[in-house]
Amino acid sequence: MKSTATRKTLSDVDSSQLNARSHGSHGDTTLKKSTVDGTLNGKPATRVVHGRSLQTKPTPRRQSVYFSSGHTPRVDPRPLNDNAYINSCIRQLISFLSSHGYDSSLSPKTLASPTAKEFATLALFLFRQADENFKFGSKTEDDVPMIFRQLRYPFQISKSALYAVGSQHTWPSLLTALTWLVQMYVYEEEARQCQAKKAIPEPAVAFFEYVSCAYEHFLSGDDAKCNELEGEFNASQRERHSQISCGVTDLEKENAELESRLSLLVQEPVHKTALQQEKDTFENGVRQCEDDIATVEAFLQSAKSDSVLARQTKVKNSERLDVCRAALAQLRRQVSLQSVDVTEAKTIDRDIEKQKESLSLLEKLHTDVDSRAYTAKVEAKDALRDMEKCVQHYNSVARTLQIVPHTAKYANETNLEGEINPRSEALNAMVNLDFKDTVRTTVKAIHDLHMQKKWNSEREYVNLEQSLQACQDTYDEKCDEANELASKAKRSESSYDAERRRLDDMLANITKHIASIEAEVESLRNTSDDNVQETESALQSCQAEYDECIKFCGQERLAVQNMMLAALDALMGHKQLIGDALDTSSSNTFAAEGIQS
């Protein structure tokens with residue numbers, strides 16, 4: 001019996017399952033910029049796969065409209081006579097050119113029928129997206145079809161089409177060719193973005209890569225390399241777990257800050273409503289004050305005119321009364337100096353009666369004027385009292401809005417407190433404020449300030465809602481990742497149990513084999529003396545084989561124990577990682593439920 005140093009593969013695990021998600025299939029092969037560069041320079045196109053340059057050759061089995069390698073002319077299946085399709089191509093071309101720094105003016109009208117010079121400028125800009133040093137030769141009509149053939153454009157571009165670029169028969173085919181080139185560039189950019197997103201290895205990919213490499217070294221008998229790979233894998237997993245924990249902690253802090261800001265924003269509309277009510281009350285008070293002031297001004301104007309008229313009438317009546325008294329005194333002097341007969345005495349008596357009647361009429365008129373002046377004075381006092389009430393109401397509302405006194409928050413060092421001067425002769429000087437200009441301008445500025453704050457708060461509220469939605473999406477991804485880790489842990493446990501059973505069966509078979517060898521040795525010891533020499537030689541060979549087998553079994557047992565211990569440590573670490581991830585996910589779940597509630 002001969003010992004072998006080659007180890008057997010695991011019978012319960014298919015090698016295709018271990019290599020199914022290796023690093024070679026992790027990312028998709030993307031077309032690098034060197035593909036187009038090499039094509040424009042006359043070199044064969046190459047694809048770069050994980051740092052290795054591979055020569056690309058057209059395969060006859062994968063022929064398509066855009067990457068066919070045949071040389072026979074093809075009929076373009078695109079609707080070149082459809083205006084909607086042509087307009088769509090123009091929009092795609094304008095979008096790409098404007099987003100990549102094309103310096104000339106662009107418009108759909110220009111691209112509907114361009115000149116040969118404009119087409120050459122467009123083509124040169126697009127070709128320089130692949131090769132910055134590209135230049136046309138002496139004839140653009142010869143260079144453009146050649147470059148499109150090198151780029152493997154599936155349809156033929158004739159030189160005659162380039163002599164009449166803007167015609168209705170040739171421009172659609174040239175426009176679709178430029179659109180095809182733009183689509184290739186866009187596909188390349190999106191492929192790069194996808195590859196950049198997939199550059200970070202997933203936990204499952206890293207695990208299977210570790211298992212594949214470690215199992216390869218295990219089969220070759222390099223236990224030190226297996227232990228080194230195990231240490232590196234454990235360190236990378238611990239580092240990733242710490243990064244995830246830090247990320248979850250940061251998300252929790254950000255979530256708490258967003259909750260606090262959200263609570264403040266939820267409480268703010270009540271304050272806005274109160275300010276809006278105060279503003280409406282203040283505006284109503286200002287309008288009422290303006291109406292009352294206008295009424296009082298009209299009444300005071302009327303009372304002032306009546307008072308002036310009464311004073312003028314009184315002065316006239318007083319003058320007339322003085323004149324009458326002077327005339328009466330003169331008449332009395334004349335009467336005393338003249339001799340009066342009966343007829344003249346009667347005439348004088350009649351004149352005296354008439355003068356008495358005029359005097360009584362003047363006295364009545366004077367009394368009426370005095371009564372009207374007194375009534376106007378009382379009404380003016382009432383109007384002044386009403387005006388004082390309106391000004392007091394305005395001052396109270398202004399204090400609520402914090403625009404009085406002049407040191408208030410929104411006063412801007414301006415005295416907006418209303419005061420009444422009842423002794424002023426001019427009507428405009430009775431109130432110290434101009435409600436239509438100064439007060440209304442200040443109130444409008446306060447209204448605009450609060451509207452700006454309201455708009456900023458609403459915008460911040462929308463941003464917080466978006467951040468909360470992003471946190472919710474992150475939480476859902478973490479939950480999915482935790483569930484996936486739990487399922488992987490279960491699969492790892494089942495694989496570990498199966499491997500352990502297989503190793504136990506292997507040890508049992510080795511033990512049986514050792515027992516059979518010992519029985520054979522015992523039987524050889526009991527043979528006759530004639531075969532002693534042969535038996536001793538056979539015994540020595542069997543003893544040597546037995547020793548070698550014992551040594552191999554010991555090494556195998558030690559390797560199996562080391563592998564089982566390493567697998568057990570990795571499994572326990574993986575369990576701990578899954579437990580932490582589940583705890584973090586559950587805490588995030590409770591936090592998210594609290595936010596939603």
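Please read all numbers here as calculations on a predicted model, not as lab measurements.

Visitor: So what exactly am I meant to see when it comes to the overall build of the chain here?
Guide: Looking only at helices and strands, the chain has 13 helices and two strands in total. Buried residues in the chain amount to 27% of all 597 residues. Taking the intrachain contacts of the chain between residues at least 6 apart in sequence as the baseline, contacts between residues at least 24 apart amount to 69%. For the chain, the exposed area adds up to about 39500 Å²; of that, 53% sits on carbon and sulfur atoms.

Visitor: Just to check I follow, could you spell out the side chain of asparagine 395 for this structure?
Guide: Looking at where asparagine 395 falls in the secondary structure, it is placed in helix H11 (residues 342–400). With residues up to four places along the chain from it excluded, the contact list for asparagine 395 reads Val404, Glu417 and Gly418.

Visitor: Just to check I follow, could you spell out the packing of aromatic side chains for this structure?
Guide: The geometry of an aromatic ring pair is captured by the separation of the ring centres together with the interplanar angle, meaning the angle of the planes. Per the counting criterion, the structure on display carries 13 aromatic pairs. Between phenylalanine 127 and phenylalanine 148 the ring centres are 5.8 Å apart and the planes differ by 65°, which places this aromatic pair in the edge-to-face class. With phenylalanine 127 in helix H5 (residues 116–128) and phenylalanine 148 in helix H6 (residues 140–150), this pair connects stretches of sequence that are 21 residues apart. Just as phenylalanine 127 is buried, phenylalanine 148 falls in that class too. Taken together, a centroid distance of 4.5 Å and an interplanar angle of 10° make the contact between tyrosine 210 and phenylalanine 233 stacked. Residue tyrosine 210 is found in helix H9 (residues 203–219), and its partner phenylalanine 233 is found in helix H10 (residues 223–337); the two are separated by 23 residues along the sequence. The exposure class assigned to tyrosine 210 is buried, which follows from its relative accessible area of 16%.

Visitor: Is there a simple way to explain the pattern of salt bridges in this structure?
Guide: If charged atoms from side chains of opposite charge come close, those side chains can pair. Tallying each qualifying case throughout the model produces 10 salt bridges. Glutamate 228 serves as the salt-bridge partner of lysine 225, at 3.9 Å between the closest nitrogen and oxygen. Of this pair, lysine 225 and glutamate 228 both sit in helix H10, three residues apart, roughly one helical turn. Close ionic contact of lysine 575 with glutamate 493 constitutes a salt bridge, the shortest N to O distance being 3.1 Å.

Visitor: Which parts of the structure should I look at to understand a nonpolar patch on the surface?
Guide: A contiguous nonpolar patch, built from Val266, Tyr461 and Val462 and spanning about 240 Å² of accessible area, is present on the exposed surface. With respect to the helices and strands, tyrosine 461 occurs in helix H12 (residues 435–525).

Visitor: Please clarify how the environment of alanine 116 should be interpreted in this entry.
Guide: With respect to the helices, strands and loops of the structure, alanine 116 is situated in helix H5. Residue alanine 116 is classed as partly exposed on the basis of its relative accessible area of 42%. C-alpha of alanine 116 to C-alpha of alanine 164: the two residues are 48 residues apart in sequence and 7.2 Å apart in space.

Visitor: Help me out: how do you make sense of empty space enclosed by the protein in this one?
Guide: If a probe the size of a water molecule is rolled over the atoms, the empty space left behind becomes visible. Evaluation of the coordinates by the stated rule reveals four cavities of 30 Å³ or more. When its volume is computed, the largest cavity comes out at roughly 160 Å³. Residue lining of the largest cavity: 14 residues in total, with Ile244, Val248, Lys478, Ala581 and Thr584 positioned closest to the centre. Contributing elements (two or more residues each) for the lining of the largest cavity: H10, H12 and helix H13 (532–596). By residue class, the composition of the lining of the largest cavity is six nonpolar, four polar and four charged.

Visitor: Whenever I open this one, the nonpolar core confuses me. Can you help?
Guide: Across soluble globular proteins, nonpolar side chains have a tendency to be buried as a group. In this structure, Leu93, Phe119, Leu126, Phe127 and Phe148 are the most contacted members of the largest nonpolar core, which totals 37 residues. The biggest single contributor to this core is helix H8 (residues 171–197), with 10 residues. In contact with leucine 93, other than residues within four places in its own chain, are Leu111, Leu122, Leu126, Leu175, Leu178 and Val182. With 23 residues, the next largest nonpolar core counts Cys289, Ala398, Leu401 and Val404 among its residues.

Visitor: Please clarify how the packing of helix H3 (residues 83–99) against H5 should be interpreted in this entry.
Guide: Each packed pair of helices is defined by two parameters, the angle between the axes and the distance between the axes. At a closest axis distance of 12 Å, the pairing of H3 and H5 adopts a crossing angle of 60°. If you check the angle between H3 and H5, you find them oblique. The crossing of H3 and H5 is left-handed. Mapping the contact onto sequence places Leu93, Phe96 and Leu97 in H3 and Leu122, Phe125 and Leu126 in H5. When the residues that make up the contact of H3 with H5 are grouped by side-chain class, the tally is six nonpolar, no polar and no charged.

Visitor: Just checking my understanding: could you explain H5 for this structure?
Guide: Residues separated by three or four positions in an α-helix point in the same direction, a consequence of the helix having 3.6 residues per turn. In a regular helix each residue adds 1.5 Å, so 13 residues correspond to 18 Å; H5 covers 18 Å between its end C-alpha atoms and thus fits that length. Taken as a whole, H5 has its buried residues at Phe119, Ala120, Leu122, Ala123, Phe125, Leu126 and Phe127.

Visitor: Looking at this structure, how should I read the state of the cysteines?
Guide: Here is the idea: a disulfide is a covalent bond, and it sits between the sulfur atoms of two cysteines. Scanning all chains against the criterion turns up zero disulfides. With no disulfide of its own, cysteine 289 has cysteine 390 as its nearest cysteine by sulfur position, at a separation of 4.6 Å. You can call cysteine 289 buried: its relative accessible area is 3%.

Visitor: Would you take a moment to explain unusual backbone geometry for this structure?
Guide: Residue arginine 152 is not a glycine yet carries a positive backbone phi of 65°. Looking at the secondary structure, you find arginine 152 in the loop between H6 and helix H7 (159–163).

Visitor: Hey, could you run me through the environment of glutamate 556 in this one?
Guide: Relative to the assigned elements, glutamate 556 resides in helix H13. Here glutamate 556 falls in the buried class, since its relative accessible area comes to 15%.

Visitor: Whenever I open this one, the confidence of the model for the chain confuses me. Can you help?
Guide: Detailed conclusions should not be drawn from predicted coordinates in areas where pLDDT is low. Averaged over every residue, the pLDDT of the chain is 77; the share at 70 or more is 80%. Counting contacts from residues 1–70, a segment whose pLDDT is below 50, to residues more than four positions away or on other chains yields 107 contacts.

Visitor: Whenever I open this one, the environment of threonine 442 confuses me. Can you help?
Guide: Among the secondary structure elements, threonine 442 is positioned in helix H12. Considered as a pair, threonine 442 and alanine 411 are 31 residues apart in the sequence and their alpha carbons are 8.0 Å apart.

Procedures and definitions
- Each chain carries its own residue numbering, running from 1 in the direction its sequence is written.
- This being a predicted model, a pLDDT of at least 70 is required before a residue's local features are given, and a value of 80 or more before pairs of side-chain atoms are given or counted; all residues contribute to the totals for chains, interfaces and linings.
- Note that water and hydrogens are dropped before the side-chain values are worked out from all heavy atoms of the structure.
- Under the scheme used here, helices are H or I runs from DSSP no shorter than 4 residues and strands are E runs no shorter than 2 residues, and both carry numbers assigned from the N terminus.
- Only protein chains enter the area calculation, which uses a 1.4 Å probe; residues under 20% of their type maximum are buried, those over 50% are exposed, and those in between are partly exposed.
- We call two residues contacting when some pair of their heavy atoms lies within 4.5 Å.
- Only the protein chains shown count as cover for residues, and the accessible areas themselves come from Shrake-Rupley with a 1.4 Å probe.
- Pairing of aromatic rings covers Phe, Tyr and Trp, the last counted by its six-membered ring, and requires centre-to-centre distances within 6.5 Å; plane angles under 30 degrees mean stacked, over 60 mean edge-to-face, and any other angle means tilted.
- Take a side-chain nitrogen of Lys or Arg and a carboxyl oxygen of Asp or Glu: if they are within 4 Å of each other, that pair is a salt bridge.
- Each patch groups residues whose relative accessible area exceeds 30% and which form no salt bridge, using 9 Å between like charges and 5 Å between nonpolar side chains of Val, Leu, Ile, Met, Phe, Trp and Tyr.
- Both cavities and pockets are sets of points on a 1 Å grid over the protein atoms alone; in a cavity a 1.4 Å probe fits but cannot get out, in a pocket the set is open with protein on both sides within 12 Å along at least five of seven lines, and lining residues sit with an atom within 4 Å of a point.
- Grid points are joined across faces, edges and corners, and a volume is the space filled by probe spheres set on the points.
- For this classification, the nonpolar set comprises Ala, Val, Leu, Ile, Met, Phe, Trp, Tyr, Cys and Pro, the charged set comprises Asp, Glu, Lys and Arg, and every other residue, Gly included, is treated as polar.
- Buried Ala, Val, Leu, Ile, Met, Phe, Trp, Tyr and Cys residues form a nonpolar core when they are joined through side-chain atoms within 4.5 Å.
- All axes are obtained by fitting lines to C-alpha atoms, using only the stretch in contact for helices, and the reported angles, taken between N-to-C directions, cover 0 to 180 degrees.
- Relative orientations are named as follows: roughly parallel for angles under 35 degrees, roughly antiparallel for angles over 145 degrees, roughly perpendicular for angles from 65 to 115 degrees, and oblique for any other angle.
- Note: crossing handedness is left-handed where the near helix turns anticlockwise from the far helix by less than a right angle, and right-handed where it turns clockwise.
- An expected span of 1.5 Å times one less than the residue number is assigned to each helix.
- Any pair of cysteine sulfurs within 2.5 Å is marked as a disulfide.
- On a scale of 0 to 100, pLDDT captures the predictor's confidence in every residue.

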